[in-house]
Protein chains: 2
Amino acid sequence: MHSDGTTEEHTEAGSERAFNVFDRACPSRPTLEHVTGKWGSLTLSALSSGTLRFNEVRRRVDGISEKILSQTLRALERDGLVHRSAQPGNPPWVDYTLTELGEAIAARLLDLIDLVQRQMPEVLTARNRYDTTQDAQSHRP
Amino acid sequence: MHSDGTTEEHTEAGSERAFNVFDRACPSRPTLEHVTGKWGSLTLSALSSGTLRFNEVRRRVDGISEKILSQTLRALERDGLVHRSAQPGNPPWVDYTLTELGEAIAARLLDLIDLVQRQMPEVLTARNRYDTTQDAQSHRP
DNA sequence: CTGTATCCTGCCGGATACTG
DNA sequence: CAGTATCCGGCAGGATACAG
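Here, residues in each chain are numbered from 1, in the same order as that chain's written sequence. Written order determines the labels here, with chains lettered from A and ligands numbered from 1. Residue-level local features of this predicted model are given only where pLDDT is at least 70; pairs of side-chain atoms are given and counted only at 80 or more, and the full residue set underlies all totals for whole chains, interfaces and linings. Side-chain metrics rest on all non-hydrogen atoms present in the structure, leaving aside hydrogens and water.

## Comments concerning the overall build of chain A
Part 1 of the argument: Scanning chain A from terminus to terminus reveals six helices and three strands.
Part 2 of the argument: Segments assigned H or I by DSSP are reported as helices when at least four residues long, segments assigned E as strands when at least two residues long, and all are numbered from the N terminus. Scanning chain A from its N terminus toward the C terminus, one meets helices and strands in the order α-α-β-α-α-β-β-α-α.
Part 3 of the argument: Exposure is judged per residue with a 1.4 Å probe applied to protein chains only, and the accessible area is read against the type maximum: over 50% gives exposed, under 20% gives buried, and values in between give partly exposed. When each of the 141 residues of chain A is scored for burial, the buried share is 35%.
Part 4 of the argument: Pairs at least 24 residues apart make up 43% of the contacts formed inside chain A by residues separated by at least 6 positions.
Part 5 of the argument: Surface accessibility in these figures is a Shrake-Rupley result with a 1.4 Å probe; residues are shielded only by whichever protein chains are displayed. A total of about 8800 Å² of accessible surface is found on chain A, and carbon and sulfur atoms cover 48% of it. Working rule for contacts: check all heavy atoms of both residues, and any pair within 4.5 Å makes them a contact.

Below you can see the structure in the form of structure tokens.
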């Protein structure tokens, strides 16, 4: 048991091995979190319909605050999923568009979201079943 | 200005309309968050390879704590995505398996994760470009 | 309109210890 | 092995005000 394979450290030196998100040190983890995060997923999905301005996104993603939307868009732009183009002037006008990579990811996201939405009745049923079952077992004091 | 169309409230009365996750009050939001969340997505993906025991999941999803794994599994079980079967005895033996719905969702998730991992080089390049650009513009005081 | 800055709170989630 | 219980620090993120 001198080697359990959990600590491979040759992460530099031209290693083109596949990124493994299951490794806690993998750089793909942050990106996956931006993509799948509470707001990132909805923001990307909203933009999949085409170019939108800041407040248009804000209106589509119900409940997001200015601050969080700003953060989210910046993270996505930094990861190369969203393109931001600002033409200076008055009033300010800033467009957000998905990059090609962003579109590919958003497509998967939409697929996932669509599935979840369609199966919500089943989910709600499962929840009720779970709750009643658990309530029956744990008689609360 | 008496009506801007943002508040439609006919959400009861036999409405079988699609759940809309963009609405902040939609019950699909929590479920989507369980699915796409930091740990939920990895847990579902880990289970897509087949039945696993608690600590087997734990080992696969590098970095997750017992507490969080427990929470995550319970949330997914409640939503009907994971099935938990415990045969009593000593030592305890508990199996976690994806339900059919869980498998469908995990498949989408794996697809998404695979894409993200494959495009990580592009993401890292974009990040470098973004960082250098921003650093050049914001001379910090 | 498009954001940044600031304050503040809740809860996420890590560490640890313990039970069956 | 499979969890639950408890403590607690950090930060996500909401509200608000303000700047360009």
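## Here's the deal with the protein's contact with DNA strand D
Part 1 of the argument: Residues are labelled near a given molecule or strand when at least one of their non-hydrogen atoms is within 4 Å of it. The immediate surroundings of DNA strand D are formed by 18 residues, with Lys67 of chain A together with Arg53, Ser70, Arg84 and Tyr96 of chain B found nearest.
Part 2 of the argument: Within 4 Å of the protein, the atoms of DNA strand D are drawn from sugar and phosphate moieties in a proportion of 58%.
Part 3 of the argument: Here Asn55 of chain B contributes a backbone N or O atom positioned 3.1 Å from a phosphate oxygen of DNA strand D.
Part 4 of the argument: One of the side-chain nitrogen or oxygen atoms of Arg84 of chain B is found 2.6 Å away from a phosphate oxygen of DNA strand D.
Part 5 of the argument: Elements that contribute at least two residues to the surface near DNA strand D include exactly helix H2 (38-47) and helix H4 (66-78) of chain A together with helix H3 (54-60), helix H4 (66-78) and strand E3 (93-98) of chain B.
Part 6 of the argument: It is H4 of chain B that provides the largest number of residues to the surface near DNA strand D, a total of four residues. Side-chain atoms alone can form a polar contact between residues adjacent in sequence; in general such a contact is a pair of N or O atoms within 3.5 Å, and within protein one must be able to donate a hydrogen while the other accepts it.

## A closer look at the packing of helix H2 (residues 38-47) of chain B against H4 of chain B
Residues and elements named next belong to chain B.
Part 1 of the argument: Axis angles are defined between N-to-C directions and span 0 to 180 degrees, where every axis is a line fitted to C-alpha atoms and, for a helix, only to the segment in contact. As a packed pair, H2 and H4 sit with axes 10 Å apart at the nearest point and diverge in direction by 75°. Our classification of the angle between H2 and H4 gives roughly perpendicular. From H2, Trp39, Gly40, Thr43, Leu44 and Leu47 reach across to H4, where they touch Ile68, Leu69, Thr72, Leu73 and Leu76.
Part 2 of the argument: In terms of residue class, the contact of H2 with H4 is made up of seven nonpolar, three polar and no charged. Here is the rule for angles: anything less than 35 degrees is roughly parallel, anything more than 145 is roughly antiparallel, 65 through 115 is roughly perpendicular, and the remaining ranges are oblique. Note on residue categories: nonpolar means Ala, Val, Leu, Ile, Met, Phe, Trp, Tyr, Cys or Pro, charged means Asp, Glu, Lys or Arg, and polar means any other residue, Gly included.

## Here's the deal with the sheet that holds strand E2 (residues 82-87) of chain A
Residue and element names in this part refer to chain A.
Part 1 of the argument: One open sheet accounts for three strands, arranged E1-E3-E2; its pairing is antiparallel. Where the open sheet ends on each side, the last strands, each with one partner, are strand E1 (52-53) and E2.
Part 2 of the argument: With two bridges connecting them, E1 and strand E3 (residues 93-98) associate as antiparallel partners. Opposite Leu52, over in E3, you have Tyr96 as the bridge partner. A pair of strands counts as paired when DSSP detects no fewer than two bridges linking them.

## As for the relation of the copies chain B and chain A
Part 1 of the argument: With an RMSD of 0.1 Å, the operation that places chain B on chain A is a rotation of 180° combined with a shift of 0.0 Å along the axis. In short, the pair behaves as if placed about a two-fold rotation axis. Identified as the residue of chain B closest to the rotation axis by C-alpha distance is Thr36 of chain B, at 2.5 Å.
Part 2 of the argument: Looking at chain B, 100% of its interface residues are interface residues in chain A too, so the copies touch through the same face. Least-squares superposition of the copies uses the C-alpha atoms of those residues scoring a pLDDT of at least 70 in each of them.

## Considerations on the side chain of Glu77 of chain A
Part 1 of the argument: Examined against the element boundaries, Glu77 of chain A turns out to sit in helix H4.
Part 2 of the argument: Charge assignment in this entry is limited to Lys and Arg as positive and Asp and Glu as negative, and neither His nor the chain termini are counted. One speaks of a salt bridge when a side-chain nitrogen belonging to Lys or Arg is within 4 Å of a carboxyl oxygen belonging to Asp or Glu. Buried charged residue Glu77 of chain A carries no salt bridge. Nearest counter-charge: Arg84 of chain A, at 4.9 Å.
Part 3 of the argument: The residues contacting Glu77 of chain A, other than those within four sequence positions of it, are Val82 and Arg84 of chain A together with Tyr130 of chain B.

## Notes on the interface of chain B and chain A
Part 1 of the argument: If you look at the interface, chain B gives 52 residues, while chain A gives 52 residues.
Part 2 of the argument: Between chain B and chain A the total buried area reaches about 4800 Å² when both faces are included, carbon and sulfur atoms providing 67% of it.
Part 3 of the argument: Among the salt bridges present, the one from Asp131 of chain B reaches Arg78 of chain A, with a minimum N-O distance of 2.5 Å.
Part 4 of the argument: At the boundary of chain B with chain A, the tally comes to 19 residue pairs in polar contact (both at pLDDT 80 or more).
Part 5 of the argument: Mapped by element, the contributors of at least two residues to the side of chain B that touches chain A are helix H1 (28-36), H2, H4, helix H5 (100-118) and helix H6 (120-137) of chain B.
Part 6 of the argument: In terms of residue count, H5 of chain B provides more of the side of chain B that touches chain A than any other element does, eleven residues in total.
Part 7 of the argument: Split into classes, the residues belonging to the side of chain B that touches chain A amount to 25 nonpolar, eleven polar and 16 charged. A 1.4 Å probe defines the accessible area here, and the buried area is the portion of it lost by two parts on being joined, summed over both.

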